[in-house]
Structure formats: C-alpha cells, structure tokens
Amino acid sequence: MKLKNENQNAICKLLTGHVSRFLVFHFVFLILLSACSSQKKLDAYTDIYSERPQVIYIAPLNDLSMRHALRTVDDSIYNLSLNIAAKHLYLSAADPLIRHGYYLLGPLASAQIAATEWRTGKQLRNGDIGDYYTELGIDAVLFITLHGWNATYNTWTVEVEYVLRSARTGNELLHVSVKAMKMLTTDFKGYLLPLREDVDFARRYGCDVETAQRCRLVETLNQYVLKDIPSGLKARQHTTEGYIPSHPEYFNLKIHPDGSVQMLKTELYE
Amino acid sequence: MKNENQKTSHKLLTGHVSRFFIFHFSFFILLASCSGEYVGVPRADVLRYQTVSTYGALHELATSYARSLNDAVRVDTLHPGMYAEYGVALALMGHTGTACRMLNAEMKTFPESRGMVQRIKKRLMPDMLVDTLATPHDTANLAQLASWAYDSLTALKPLPPLAPVIDSTDTAWVLQQTPVDSIEYPIRLTATQKRELLEKQQAEEATRQQRIADSLAAVKQAALDARKQAQADREREKQEKEQARKAEQKAREQQREEERKQKAAQREEERKRKAAEREESKKNKKK
C-alpha cells in the first residue's frame, strides 16, 4: 500500500510541479523531430529544389468543364454553382503556397496582371513564359486546369490538373493530375444529409449547400495536393527539411463524410 | 490507509487537478496558436465581388481587406500581397492616391513584388508610375490614410474624410516616414502614442476652431463697418441731392421773377408808347 501511495505521489508530482518542465521537454523534442531532414522530399521534388522559386504567380483558371445548355431554371442554378466552385478553386489555391513561404499576389492583383496578358491559356501553358521572369520577376507559374465535374446521387467528382512551370527555364517543376470525389451522407431512405460544415460554409459565403459542398471539395483538394511541397524563401527551409510526399503524380482522391481522405494511385489520368 | 488514498485522490482531483488542467489548457492554446488562424484574403468577399461586380461589393471587399490588414499587423502575420490587394481595391474605387501609397508599401515590404506592382500601377494609375516615394494629395496629413482605412470599417464613405478621426479605444494607423529613403508605411500605434496623437489632434482642432471664430468675428465686424459706411454715404448723397434741388428751385424762381419783371416793364413801355401815340393822334386831329 505504501508503494502505491508513493506511486501516486510521484504521479501527482509529475502532474503538478514537473508538468511544465515535462511539457517543455516534450515540446522541444517534437520540434527536433519535425526538423529532422531526410532525402525523400529532396528526391521527390528535385526540380523545385534545383530552381528554388520564390515568387509564384497563379495563372487564370483554365476551365474546360462542360456546362448545361440553358433551357430550364435548374440549368442556370447548376451552372452558377459550377462557376462559383471554379472561382473558389482558383482562390483557395494560394493559401497552401503562402503558408509554405512563397510570395503570391492576391486574386485582385493577379487579375490586373492577367488583364495585360494577350496570350491564351493554352499558349501560356505550353509556350514560352520567360517574360514573366524578366519583366515581372516571377519565378514560377502555377497553371490549374479544371477538366470536368461529375455527380452521382451521393458523390461529387472533380478532375483537376496542376502544373507548376518555371519562368526562368520553362521546366515543369510539379505536375499532378487528380480526380477527387466527395462522398455525401445519406439517410436510411437515400436522401442527402448536408454536413454542418457545409451548411456553415454556405451561410458564410452566401451560397446554397450544393455549391458549398463543391467549394469545400476543391478547397480540400488544393490543400491536399499542395500541402507538402518544399517551403519557400520566407520559411527558409529549402535545404534542411524533408518529408515523405503524400501523393504520386496521378491519383484519385476520395473524401469521406467523416473527413478522412482515401488516396488511390492510378497510372494515367482518365 | 484508505483515508490517505482518499486524501491523495482528493488532492489530485481538487488542488492539483486544476493546475494540471490549466497547464494542459495553456499547452493546447500554444499548439493552436502554432497552427494559427489564417489572416489573409477574405475569400467570401472576393467571391461575392467576382460574382456580382458592383461598387457595393467592391467597397465591402476593400473594407474586409482593411480589416484583414489591421488584424495582420496586430498579430504580426502580414502575408504577401495584402497591401497590393487593398491598393488595387482602392484604385478600382477611385482612390488612386491612397492606392499608390499601399502599392508602395507592398514594394517596400516585399521587394520581390516590384515588377508586378509596377505592372499594376502602369495599368491602374499610369500617372503615378514613377511615384514610389510619396503621393501628391495627402502628404500634408499623415494620419489621413490611417483614419480613412479605419473609418472604412464602419461606414460607407466614397471619398476619404478631410479631417482625421482617431478613436482612442481601438487600433489606429499612422504613416511613419523613414529617414533613409522617405518611404512611408503604416505602423500600429501604442496606447501612449495614440493618446498623444489624440491630444495633439484635439489641440489642433481647438486652434482651428478658434481661428475660424476669429476670422468669422473679423468678417462680421467688417460687414458692419461696411454697412455703416454705406448708410453714411447714402445720407450724404441724399443731403447733396436735396441741396442741389433747393438751389435749382431757387434759381428757377429767380429766373421766373426776372422774366415777370421784364414782362411788366415791356407792358409799361407798351402802354406808354400807346399813350404817346394817342396824344399824338389827338394833336393831329386838332391841327
């Protein structure tokens, strides 16, 4: 019994007097662990590490998805939903890059720069973009191509292609093609049940729930695809950090209602 | 022994547990602050403006940018492009001077943005393309931009106010002029600086009001003097006219009297001449 009491006292000490030191040590240990570098990320993102871009410009969204012909009211609502989701795909692509320490202009300023561009999206995507580096000081341009939307009774699907091209050399620093699916919840009769997060998003953005679900799908997709690229100059970790890349070049992404994400590797983009 | 265990558990659950939870709570807060709330582009307002491109939506967007900028400076997480976004929004609203200041602040804060910002200035405000130091219209009052950015949070004001209004209860913005290259950029004020700025502005406002009152009194006195002078002039003119009229009337009467005397003399001469003629005719008849 005495031993039990001593144990309890030790636990009590650990929980009171030494808790702060204990937590500080663990916190420092976690930081050290996170700072440990490996060669896997260097191998996965060799081009980005070789170029070390600092300023990234997101080109206007190349929207290749089909819209419904305007015949009924539902068509206009559906098309408006797709338009808003496409805009949100472009707007939410900057967040992960800014968090990684890259310099990006916002959507209004980028629109002003895009308004001075005389080339089409396809010409920009495949042609020479050296003037972006010489005239504007942009190191790399991110091209986002929206290939299409699809929907079943409980699944929203979007197919997006990300290409990061260097403005200095014209090389492709990153190329990802992904088909993301958002699994919706249904009740026992098969009717859709919107999530509370979707309803909050719709209330905050002033749109309907379907649009909110599509917007959250593309936002999650942006965060997933761009979440582990090498950090930019603001973070100053170009040569020290290293993480395991979370996804291959071609993959399908399945987002479940509980927030879990399932990635299925594919060979070719379909 | 059972009592001792109960005491220990009681201690664990009362005195130390609270500290334990406080430590853990602070640790969670620390972790949450590590992840950080992203203070950046207000995507909802941008989406609304891109969907419905009206002046009201643009003003809401500019207000959101001002709020985001204020929050970002408050928590020291100024993300790239925020000055440029706010500047472009202001330029689209027509406030090119303030927009030029914001774009200059973007170039000052992030030098790698120079090419892009120059391209934006060339498109939106080509007359201010070479202006990278100051703006022409509001250099006199450094707090004008700050007060407008603060006021735009609360009310729709199409143009910046002429008199700066700094609230003493919340964060205020001023532009600090650096001695090196004289580029002005906004900073956040401390409470003491805010109070001093408020007192200085109140003193300036009192001086201005006194000057306005003095000038108004001087103008009023000048108006009264002018009115008295005009009245005196009118009186004098009236008297002169009266005197002239009397003199003219007197002269006219004298002339009339002379004419009357002349006529009487003529009549007398005529009567004498006729009397002489009658006497002469009488003499002729007698002869």
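Residues numbered from 1 in each chain as written. Chains lettered and ligands numbered in written order. Predicted model: local features only at pLDDT ≥ 70, side-chain atom pairs only at ≥ 80, totals over all residues.

### What to know about the overall build of chain A
Stated precisely, the cut-off is as follows: Secondary structure elements follow DSSP: runs of H or I no shorter than four residues count as helices, runs of E no shorter than two count as strands, and numbering proceeds from the N terminus. Counting other C-beta atoms within 10 Å of each residue's C-beta, where C-beta atoms are placed from the backbone, gives the exposure class: buried for 20 or more, exposed for 12 or fewer, partly exposed between. Whether two residues are in contact depends on their C-beta atoms, placed from the backbone: they are in contact if these lie within 7 Å.
Along the backbone of chain A there are 11 helices and 9 strands. Burial statistics for chain A: of 270 residues in total, 31% are counted as buried. In chain A, of all internal contacts separated by at least 6 residues, the share reaching a separation of at least 24 is 67%.

### Digging into the overall build of chain B
Helix and strand content of chain B: 9 helices and 2 strands. Listing every helix and strand of chain B by position from the N terminus yields α-α-α-α-α-α-α-α-β-β-α. Taken over 287 residues, chain B has a buried fraction of 24%.

### Focus on the nonpolar core
Condition: Think of a nonpolar core as buried Ala, Val, Leu, Ile, Met, Phe, Trp, Tyr and Cys residues chained together by C-beta atoms that fall within 7 Å.
Ranked by size, the top nonpolar core spans 87 residues in total, and within it Val141(A), Leu142(A), Leu221(A) and Tyr86(B) carry the most contacts. The element best represented in this core is helix H5 (residues 82-93) of chain B, accounting for 8 residues. For Val141(A), the residues in contact, after removing those within four places along its chain, are Tyr57(A), Ala59(A), Ile129(A), Tyr132(A), Arg165(A) and Ala167(A).

### A look at the pairing of strand E3 (residues 140-151) of chain A
Residues and elements named next belong to chain A. Which entries qualify depends on this criterion: Pairs of strands are assigned from DSSP output, requiring at least two bridges between the strands.
As paired elements, strand E1 (residues 56-58) and E3 share 3 bridges and run parallel to each other. Residue pairing across strands places Ile 56 opposite Ala 140, the latter belonging to E3. With 2 bridges connecting them, strand E2 (residues 62-63) and E3 associate as parallel partners. When the bridges of E3 are listed, Asp 63 appears paired with Leu 146. For E3 and strand E4 (residues 155-166), the ladder comprises 11 bridges, and the chain directions are antiparallel. Bridged to Ala 140 within E4 is Ser 166. Counted along the chain from E3 to the antiparallel partner E4, the turn is 3 residues long.

### Here's the deal with the pairing of E4(A)
Residues and elements named next belong to chain A. In this sheet, strand E5 (residues 172-183) lies alongside E4 in antiparallel orientation, the contact comprising 11 bridges. When the sheet's bridge partners are listed, Glu 159 is paired in E5 with Lys 179. Connecting the antiparallel pair E4 and E5 is a turn made up of 5 residues, with Gly 170 showing a positive phi of about 80°.

### Things to note about helix H11 (residues 209-225) of chain A
Rules: Here, expected helix span is obtained from the residue count minus one, scaled by 1.5 Å.
If you check H11(A), its first and last C-alpha atoms are 24 Å apart, about what 17 residues at 1.5 Å a residue would give, namely 24 Å. Most of H11(A) is tucked away, with 14 of its 17 residues classed as buried.

### Structural notes on the confidence of the model for chain B
Residues and elements named next belong to chain B. Quick reminder of the rule: pLDDT: the predictor's confidence for each residue, scored from 0 to 100.
For chain B, per-residue confidence averages 72 on the pLDDT scale, and 63% of positions sit at 70 or higher. Confidence drops under pLDDT 50 across residues 12-38; counting only partners more than four residues distant or on other chains, this segment forms 16 contacts. Counting interchain partners and residues more than four positions distant, the pLDDT-below-50 stretch residues 134-186 has 89 contacts. Listed scores for the predicted complex are pTM 0.57 and ipTM 0.72.

### A short note on the packing of H5(B) against helix H7 (residues 114-124) of chain B
All names here are of chain B. Defined as follows: Angles shown run from 0 to 180 degrees and are taken between the N-to-C directions of axes, each axis being a line fitted to C-alpha atoms and, for helices, limited to the stretch in contact. Roughly parallel here means an angle under 35 degrees, roughly antiparallel means over 145, roughly perpendicular means 65 to 115, and every remaining angle is called oblique. Put simply, Ala, Val, Leu, Ile, Met, Phe, Trp, Tyr, Cys and Pro go in the nonpolar bin, Asp, Glu, Lys and Arg in the charged bin, and everything else, Gly too, in the polar bin.
Where H5 contacts H7, the two axes come as close as 11 Å, and the packing angle between them is 5°. With respect to H7, the element H5 is oriented roughly parallel. Here Ala 84, Val 88 and Ala 91 of H5 lie close against H7, whose contacting residues are Val 117, Ile 120 and Leu 124. For the contact of H5 with H7, the per-class residue count stands at 6 nonpolar, no polar and no charged.

### Points about the packing of helix H5 (residues 73-91) of chain A against helix H3 (residues 43-51) of chain B
Selection rule: Left-handed describes a crossing whose near helix is turned anticlockwise from the far helix by less than a right angle; the clockwise case is right-handed.
One can describe the packing of H5(A) onto H3(B) by two numbers: an axis separation of 10 Å at closest approach and a directional angle of 135°. As summarised for this structure, H5(A) and H3(B) are arranged oblique, according to the angle between their axes. Once H5(A) is placed against H3(B), the crossing between them reads as right-handed. Along its contact with H5(A), which presents Ile84(A), Lys87(A), His88(A) and Leu91(A), the element H3(B) presents Arg43(B), Val46(B), Leu47(B), Gln50(B) and Thr51(B). Within the contact of H5(A) with H3(B), the residues separate by chemical class into 4 nonpolar, 3 polar and 2 charged.

### Topic: the confidence of the model for chain A
Regions with low pLDDT carry predicted coordinates that are not meant to be interpreted in detail. All names here are of chain A. Mean pLDDT over chain A works out to 77, with 73% of the residues at or above the 70 mark. Considering each helix and strand of chain A separately, the mean pLDDT is smallest for helix H2 (residues 19-35), with a value of 48, and largest for E1, with 93. A low-confidence stretch, residues 28-39 stays under pLDDT 50, and its non-local contacts, those more than four residues away or across chains, total 5 contacts. For the stretch residues 236-244, pLDDT sits under 50, and the model shows 18 contacts to residues farther than four places along the chain or on other chains.

### Digging into the environment of Leu221(A)
All names here are of chain A. Residue placement: Leu 221 occurs in helix H11. When the C-alpha atoms of Leu 221 and Val 178 are compared, they prove to be 8.6 Å apart, with 43 residues separating the residues in sequence. Here Leu 221 is in contact with Val 158, Val 160, Val 178, Ala 180 and Leu 253, once residues within four sequence places are set aside.

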